[in-house]
Amino acid sequence: MPNPSELALNRRDLMVVAGACAALPAMGASAHAQPAPVGAPVLHDVSFEVNGRRHALSIDTRTTLLDALREHLHLTGTKKGCDHGQCGACTVIVDGQRINSCLTLAVMHQNASVTTIEGLGTADKLHPMQAAFVRHDGFQCGYCTPGQICSGVAMFDEIRAGIPSHVTADLTAAVVASETEIRERMSGNICRCGAYSNIVEAMVEIGGRQG
Amino acid sequence: MRAFTYERANSPAAAAAAAAGNPEAKFIAGGTNLLDLMKLQIETPSHLIDVNGLKLDTIETTDDGGLRIGALVRNTALAADARVRRDYGVLSRALLAGASAQLRNRATTAGNLLQRTRCPYFYDTAQPCNKREPGSGCSALGGFSRQLGVIGVSEACIATHPSDMAVAMRALDGTVETVKADATTRTIPLAELHRAPGTTPHLETTLAQGELITAVRLPRPIGGRQIYRKVRDRASYAFALVSVAAVIQRDGSGRIALGGIAPRPWRSEAAEAELRRGAKAAAAALLEGARPTRENAFKLPLVERTLSAVLSEARA
């Protein structure tokens, strides 16, 4: 089976073309005669590393890191859910920390190192967190899953670094990767299918293995 | 989102100078609140000054034994700092009670102080809102006001300040350091950073155009039982209906500041004077002059009960 990105016209491109066709008749004949509107797009250079590969972009300043990843670099594993930082579907790891890629501009990440779901594992060699999700059926529709997995991987790094959470009983004691801790620390990732119990099981397994 | 030009500032004074001459310019650090508002065209800056490279991201111990927290210290880093966890537990707790891990990893100390209200009418550009569109009216007064303010509010605006961190810093007598375009610096007590809404709720702080927060200072530790109790609709990742930051000493005296009820972190010396008489007396003093709506009147007894729970915990 061909890789979807190798097809002449994939589903995404089809939607883009369809959208453009629909928009054309709405544009007046004089559209091109108008002066550039106030607030015309501004391009800015930025260069950063994604999954170990360097990318140099000249990009509209308004472009979020999420849109840069998906629309410019075609790394569509990272998902756009709410686009307002509430759902966590867009979670990626930047310089070792999980963030909402929808709430940050691409141009703000000069020389940053970004890891997306594509950089964590491949279909042939799953990341342990991905394998645990498969074993525990940690998803239904799968849309939140890349964000859940990036978030979960970075969460265990936070626990190892001794960062406390809202449910940590003693702020000065070592942090333990308990189920309660995992649930609190994953509250920025919403799963509307409600696969939470299986997601937590997968993460508890990973946490137990990492001690 | 409206188009904007973008620059990376390389010194605090240069950032302030770049912003001072352009009322349409905004600083951007974490961006977690500003970008959200820009997508909705509630904020429409024509120029962004990225301050992330300013190296204001360290926490230093000061000569008087306090802390100087750089404006760009991320919320996660501040909450996890060993000195904060040991000596300013209420601040660590408040930070960890706010937002999600992803947001705390980006959100900065100064940005947290300057975040805008989450009043639903401020966010809905189809509705009048005096804070967003001065003079257009307040939709919240007769609308859905369950989350909104009960004290320190005005006829023009009943929005709350949404920060948890600022509530703890208020209890700890934090002060804000700034730099202006002419490179002069000044120190503002946190109590004087946020304005009362009055008839001009769109004016939220006492900062001048272009004035940049460079740090927050905390005085030397005062010990005591340090507690942050946040009451909200979900167990995690929700704004406070009522929150209490408390530093209670062994003799029952102490300091309290509240979140979720006012346009700024709410602290009352009169209430602190009543602390040893219990939650009922302290809450009555604290809520003197409160003017809730029908929908948020429940916050008055909730303040007393939350305070009562905090005082019990402090005695335990």
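Counting starts from 1 at the beginning of each chain's written sequence and moves along it residue by residue. Each chain gets a letter, beginning with A, and each ligand a number, beginning with 1, in the order they are written. With pLDDT at 70 or above as the cut-off, local features in this predicted model cover only qualifying residues; side-chain atom pairs require 80 or more to be listed or tallied, and sums for whole chains, interfaces and linings still use all residues. Only heavy atoms go into the side-chain values, all of them from the structure, while hydrogens and water stay out.

(A) Local environment of the overall build of chain B. The way it works is that DSSP assigns letters per residue, a run of H or I at least four long becomes a helix, a run of E at least two long becomes a strand, and they are numbered from the N terminus. Counting its secondary structure elements, chain B contains twelve helices and twelve strands. Radius of gyration here uses only the C-alpha atoms, and the compact-globule reference equals 2.2 Å multiplied by the residue count raised to the power 0.38. Relative to the 2.2 N^0.38 estimate, which gives 20 Å for 316 residues, the radius of gyration of chain B is 19 Å and therefore close to what a compact globule would have. With the C-alpha coordinates aligned to their principal axes, the bounding extent of chain B is approximately 55 × 50 × 30 Å. Looking at chain B alone, contacts between residues at least 24 apart form 62% of all its contacts between residues at least 6 apart. Carbon and sulfur atoms provide 49% of the accessible area of chain B, an area that totals close to 12400 Å². The averaged location of the 30 negative side-chain charges in chain B is 5 Å from the averaged location of its 41 positive side-chain charges. Residues count as neighbours in contact if any of their non-hydrogen atoms are within 4.5 Å of one another. Note on areas: Shrake-Rupley with a 1.4 Å probe; residue coverage comes only from the protein chains shown. Positive residues here are Lys and Arg, negative ones are Asp and Glu, while His and the chain termini are left out of the count. To locate a charge, the coordinates of NZ of Lys, CZ of Arg, CG of Asp or CD of Glu are taken.

(B) View of the pairing of strand S11 (residues 254-259) of chain B. Residues and elements named next belong to chain B. Across the six residues that make up S11, a large majority, six, are buried. Along S11, one buried face is formed by Gly254, Ile256 and Leu258 and the opposite face, lined by Arg255, Ala257 and Gly259, is buried too. When strand S10 (residues 242-248) meets S11, the two strands line up antiparallel, connected through six bridges. Counted as the bridge partner of Ala245 is Ala257 from S11. What makes two strands pair is DSSP finding at least two bridges between them. Here S10 folds back onto S11 in antiparallel fashion, the turn holding five residues, of which Gly252 has a positive phi close to 90°. The pairing of S11 with strand S12 (residues 266-267) spans two bridges and is antiparallel. Its bridge partner lying in S12, Ala257 is registered against Arg267. Linking S11 back to S12 in an antiparallel pair, the connection comprises six residues, with Gly260 at a positive phi of about 85°. Per-residue accessibility, obtained with a 1.4 Å probe over protein chains only, is compared with the maximum for each type, and a residue is labelled buried under 20%, exposed over 50%, and partly exposed between these values.

(C) Molecular detail of helix H2 (residues 65-72) of chain A. Residue and element names in this part refer to chain A. In terms of burial, H2 is largely enclosed, as six of its eight residues are buried. Of the positions making up H2, those classed as buried are Leu65, Leu66, Asp67, Ala68, Leu69 and Arg70. His74 sits one or two residues past H2 and shows a positive phi near 55°.

(D) Region of interest: the interface of chain A and chain B. At the junction of the two partners, chain A supplies 46 residues and chain B supplies 39 residues. When two parts are brought into contact, each loses some accessible area as probed by a 1.4 Å sphere; the total of that loss over both is the buried area. For the pair chain A and chain B, the summed buried surface comes to about 3300 Å²; carbon and sulfur atoms form 55% of the total. By the criterion of area lost to chain B, the three top residues of chain A are A:Leu103, A:Met108 and A:Leu171, representing 20% of everything that side buries. Should a side-chain nitrogen of Lys or Arg be within 4 Å of a carboxyl oxygen of Asp or Glu, the pair is scored as a salt bridge. Taken together, the links from chain A to chain B amount to one salt bridge. With its nearest N and O atoms 3.0 Å apart, the salt bridge here joins A:Asp83 to B:Lys39. We define a polar contact as two N or O atoms separated by no more than 3.5 Å, with the added condition that, inside protein, one atom must be a possible hydrogen donor and the other a possible acceptor, whereas residues neighbouring each other in sequence contribute only through side-chain atom pairs. Put simply, chain A and chain B have 20 residue pairs in polar contact (both at pLDDT 80 or more) between them. Elements with a contribution of two residues or more to the side of chain A that touches chain B: strand S1 (43-50), strand S4 (97-100), helix H5 (145-160) and helix H6 (179-185) of chain A. Here the side of chain A that touches chain B takes four residues from S4(A), the largest share from any one element. Considering only residue class, the side of chain A that touches chain B consists of 15 nonpolar, 23 polar and eight charged. Each residue is assigned to one of three groups, with Ala, Val, Leu, Ile, Met, Phe, Trp, Tyr, Cys and Pro labelled nonpolar, Asp, Glu, Lys and Arg labelled charged, and all others, Gly among them, labelled polar.

(E) Seen up close, helix H11 (residues 279-286) of chain B. When we look at burial in H11(B), the residues that qualify are B:Ala279, B:Ala281, B:Ala282, B:Ala283 and B:Leu286. Looking at the buried positions of H11(B), the neighbouring elements they touch are S11, S12, helix H10 (269-273) and helix H12 (299-315) of chain B.

(F) Representation of the domain arrangement of chain A in the model. Residues and elements named next belong to chain A. Just so you know, the domain bounds were taken from an automatic or database domain assignment. When cut into domains, chain A gives domain 1 (43-119) and domain 2 (128-210). A straight line from the C-alpha centre of domain 1 to that of domain 2 covers 22 Å. Tallying the contact residues gives 14 residues for domain 1 and 16 residues for domain 2. With both sides pooled, the region where domain 1 packs onto domain 2 buries about 1200 Å², and carbon together with sulfur makes up 56% of that total. Linking domain 1 to domain 2 there are one salt bridge. Salt-bridge contacts for Glu158 lead to Arg98; the nearest nitrogen and oxygen are separated by 2.7 Å. Connecting domain 1 to domain 2 are seven residue pairs in polar contact (both at pLDDT 80 or more).

(G) Representation of the nonpolar core within the structure. All names here are of chain B. In this structure, Ile69, Leu78, Leu91, Leu113 and Met169 are the most contacted members of the largest nonpolar core, which totals 49 residues. Counting residues per element, this core draws most heavily on helix H9 (residues 165-171), at six residues. Not counting residues within four places of it along the chain, the set of residues in contact with Ile69 comprises Thr58, Ile59, Leu78, Leu91, Thr109, Met169, Thr214, Ala215, Val216 and Leu218. Within this scheme, the nonpolar core is defined by two criteria: the residues are buried Ala, Val, Leu, Ile, Met, Phe, Trp, Tyr or Cys, and they are joined through side-chain atoms within 4.5 Å.

(H) The sheet that holds strand S5 (residues 113-115) of chain A, seen in detail. All names here are of chain A. One open sheet accounts for five strands, arranged S2-S1-S5-S3-S4; its pairing is mixed. A strand with exactly one partner marks an edge of an open sheet, and here the two such strands are strand S2 (53-60) and S4. Within the sheet, the average angular offset between the axes of one strand and its neighbour, ignoring direction, is 40°. One ladder, built from two bridges, connects S1 with S5; its direction is parallel. By the bridge assignment for S5, Val50 is matched with Val114. Against the sheet, H2 touches S1, S2, strand S3 (91-94), S4 and S5, its axis set at about 105° to S2. The convention used is that axes are lines fitted to C-alpha atoms, helices contributing only their stretch in contact, and that angles between N-to-C directions extend from 0 to 180 degrees. Its contacts with the sheet put H5 on S3 and S4, and the angle it makes with S3 is roughly 40°.

(I) Molecular detail of the packing of helix H4 (residues 128-136) of chain A against H5(A). All names here are of chain A. Two numbers describe how H4 lies on H5: the axes approach to 10 Å, and their chain directions differ by 125°. Between H4 and H5, the interaxial angle falls into the category oblique. You can see that H4 and H5 cross each other, and the crossing is right-handed. Residue-level inspection shows Met129, Gln130 and Phe133 of H4 in contact with H5, the latter providing Thr145, Gln148, Ile149, Gly152, Val153 and Phe156. Of the residues belonging to the contact of H4 with H5, the class tally is five nonpolar, four polar and no charged. Angles below 35 degrees are treated as roughly parallel, those above 145 as roughly antiparallel, those between 65 and 115 as roughly perpendicular, and all remaining angles as oblique. For any helix crossing, the convention is left-handed if the near helix is rotated counterclockwise from the far helix by under a right angle, and right-handed if that rotation is clockwise.

(J) Expanded view of the state of the cysteines. By convention in this document, the label disulfide applies to cysteine sulfur atom pairs within 2.5 Å. For the structure shown, the criterion picks out zero disulfides over all chains. Its sulfur unpaired, A:Cys191 is 4.0 Å from the next cysteine sulfur, which belongs to A:Cys144. A relative accessible area of 3% places A:Cys191 in the buried class. With no disulfide of its own, B:Cys129 lies 6.1 Å from the sulfur of B:Cys119, the closest cysteine sulfur. When its relative accessible area of 8% is taken as the criterion, B:Cys129 is described as buried.

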